[in-house]
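Residues per chain, in single letters:
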Amino acid sequence: MRSRSPWRTRVLAALTAAVAVAAGPALGATGASAAPRAAALVPAVDREVQFTADGTTAYGTVHVPAHRAGRRLAAALLLPGSGQTDRNGDQPPALTPHTLAALADALGEDGVMSLRFDKYGTGRTGLGGRPGAPDMAAFTRQAVAAYDILRAQPEADPRASLVVGHSEGGLQALLVGRAAGAKPAGLALIAPQDMRLLDMIDFQLADLLDRAVAAGQLTASQAQTNKRGVTRAIADFRAGRPVDTSGLLPALSTLLDGMFGPVNADFVRSDDALSPPSVARGVAPGTRTLVTCGTADANVPCRTVPPLVSALAAARTTGPGLRVLPGVDHLLHPAGAPEVDAPLAPSVRRALHDFVRPWRQRPAN
């Protein structure tokens, strides 16, 4: 159930007062009216949880913001981006932007509790004895198990369940919404994967090559040769043919060999089979949705987002819809900010604040 909005709280207070006047004052031993006591304030807490999917135990953190005792809170499952990204949104030791931890804090400011967890291949969870990365369906089953555990937390309002995904986690949020037995009330897709995986890789690498030309690091001819080689390698992988990356720049060859090799091939193939706009068309009508894109995001530029947004509109979703974030990069920081210890850009916080408006709670409310 959605939390009471300020106007509804005032109306209920007025009705309560009117009923009290009509019934006459409640008198104590001294004849004074009894003043109602406010529920005790429960302090914020982070607690460890664990859950099982496909026989593997996963570990996570539930963040419960300060709230009045007895209140049920909207609860958001937080899903990370691609690669070995852990519950905090980090790939330690090289990349530690704390993206998901920051999202948990921002949601907590509006009285929304959250769960973030170490997905397969990260943190305490690990690969669960697997020799390589699971396919996308296994990651979805793990995320659905996390969603169910979050809904079962004693503070959670099961009618106000949300899923918030960053980058690849945006696509995973759509998949959780499709697979979960109890449909989420809201989906926030933050700088989401908005096209097939290998199409995205193709244009991202082409953009990097163009930047190298602009910086004088490559000739235009070298860049063009490598663009064609990347596109050919992707086409061969999709067709099940042997992939030859020997003519590419060493960095590109290493990247593609890793993606298409035995450790990651199943996952890459299963992710690439999914079209995010097609998945989005299956979102339940009436679901409150948010989609963000940052104008300084080279990974998910705003120009690629419209098909996803249109698909959500066709599904008759509601809510803020698309929010363009000026000067925000893929890690949700202002462009040029350091990757470590940089706060979320103010526009990201505003977008989240708008998304959770129907479920907002303050400790004093």
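All figures in this text were calculated on a predicted structure; none of them were measured in a lab. (Residues numbered from 1 in each chain as written. Predicted model: local features only at pLDDT ≥ 70, side-chain atom pairs only at ≥ 80, totals over all residues. Heavy atoms only, no water.)

### Some details on the environment of Ala145
Working step 1: Residue position: Ala145 is located in helix H3 (residues 136-151).
Working step 2: Of the residues examined, Ala145 reaches a relative accessible area of 15% and is grouped as buried.
Working step 3: Between the C-alpha atom of Ala145 and that of Thr52, which follows or precedes it by 93 residues, the distance is 7.1 Å.
Working step 4: Setting aside chain neighbours within four positions, we find Ala145 in contact with Phe51, Thr52 and Ala53. (Helix = DSSP H or I, 4+ residues; strand = E, 2+ residues; numbered from the N terminus. Buried < 20%, exposed > 50% of the residue type's maximum accessible area, 1.4 Å probe, protein only. Contact = heavy atoms within 4.5 Å.)

### As for the confidence of the model for the chain
Working step 1: Mean pLDDT for the chain: 90, with 89% of residues reaching 70 or above.
Working step 2: Counting contacts from residues 1-33, a segment whose pLDDT is below 50, to residues more than four positions away or on other chains yields 17 contacts. (pLDDT = per-residue confidence, 0-100.)

### Remarks on the state of the cysteines
Working step 1: One pass over the full model with this rule turns up one disulfide.
Working step 2: A sulfur-sulfur distance of 2.1 Å marks the disulfide that ties Cys293 to Cys302. With the S-S bond torsion at 105°, the cross-link from Cys293 to Cys302 turns out right-handed.
Working step 3: Using a relative accessible area of 1% as the deciding quantity, one classes Cys293 as buried.
Working step 4: Judged by its relative accessible area of 24%, Cys302 falls in the partly exposed class. (Disulfide = S-S within 2.5 Å.)

### Some remarks on the packing of aromatic side chains
Working step 1: According to the stated counting rule, one finds five aromatic pairs in the structure shown.
Working step 2: Arranged with centres 5.5 Å apart and planes meeting at 80°, the rings of Phe51 and Phe117 form a pair that is edge-to-face. Separated by 66 residues along the polypeptide, Phe51 in strand E2 (residues 45-53) and Phe117 in strand E6 (residues 113-117) bring together distant segments of the chain.
Working step 3: Overall, Phe51 belongs to the buried group, its relative accessible area being 4%.
Working step 4: Residue classification places Phe117 among the buried positions, given a relative accessible area of 2%.
Working step 5: Summarising the aromatic geometry, the rings of Phe139 and Phe267 are spaced 5.5 Å apart at their centres and angled 75° between planes, so their arrangement reads as edge-to-face. Separated by 128 residues along the polypeptide, Phe139 in helix H3 and Phe267 in helix H8 (residues 265-272) bring together distant segments of the chain. Phe267 shares its class with Phe139; the two are buried. (Phe/Tyr/Trp six-rings, centres within 6.5 Å; stacked < 30°, edge-to-face > 60°.)

### Observations concerning helix H2 (residues 99-108)
Working step 1: With nine of 10 residues buried, H2 lies mostly within the body of the structure.
Working step 2: If you check which residues of H2 are buried, you get Thr99, Leu100, Ala101, Ala102, Leu103, Ala104, Ala106, Leu107 and Gly108.
Working step 3: Contacts from the buried residues of H2 go to strand E3 (56-64), strand E5 (73-79), E6, strand E7 (156-166) and helix H11 (346-355).

### Regarding empty space enclosed by the protein
Working step 1: With the rule as written, the count across this model stands at one cavity of 30 Å³ or more.
Working step 2: Empty space within the largest cavity amounts to approximately 100 Å³.
Working step 3: Looking at the largest cavity, the residues that line it are Leu79, Pro80, Phe117, Lys119, Phe139, Gln142, Ala143, Glu168, Gly169 and Gln172.
Working step 4: Only H3 and helix H4 (168-179) provide two or more residues apiece to the lining of the largest cavity.
Working step 5: The residue inventory of the lining of the largest cavity, partitioned by class, reads five nonpolar, three polar and two charged. (1 Å grid on protein atoms, 1.4 Å probe; cavity = no way out; pocket = protein on both sides within 12 Å on 5 of 7 lines; lining within 4 Å. Points joined across faces, edges and corners; volume = space filled by probe spheres on them. Nonpolar A, V, L, I, M, F, W, Y, C, P; charged D, E, K, R; others polar.)

### A short note on the pattern of salt bridges
Working step 1: As enumerated under the stated definition, the model contains 17 salt bridges in all.
Working step 2: In this structure, Arg349 and Glu109 form a salt bridge, with 3.2 Å as the shortest nitrogen-oxygen distance. Taken together, the residues Arg349 in helix H11 and Glu109 in the loop between H2 and E6 connect sequence positions 240 residues apart.
Working step 3: The exposure class assigned to Arg349 is partly exposed, which follows from its relative accessible area of 30%.
Working step 4: For Glu109, a relative accessible area of 47% gives the class partly exposed.
Working step 5: The closest approach of N and O atoms between Arg159 and Asp157, which form a salt bridge, is 3.5 Å.
Working step 6: For Arg159, a relative accessible area of 59% corresponds to the exposed category.
Working step 7: A single network of salt bridges, built from pairs that share partners, joins Arg196, Asp199, Arg238 and Asp272. (Salt bridge = Lys/Arg side-chain N within 4 Å of Asp/Glu carboxyl O.)

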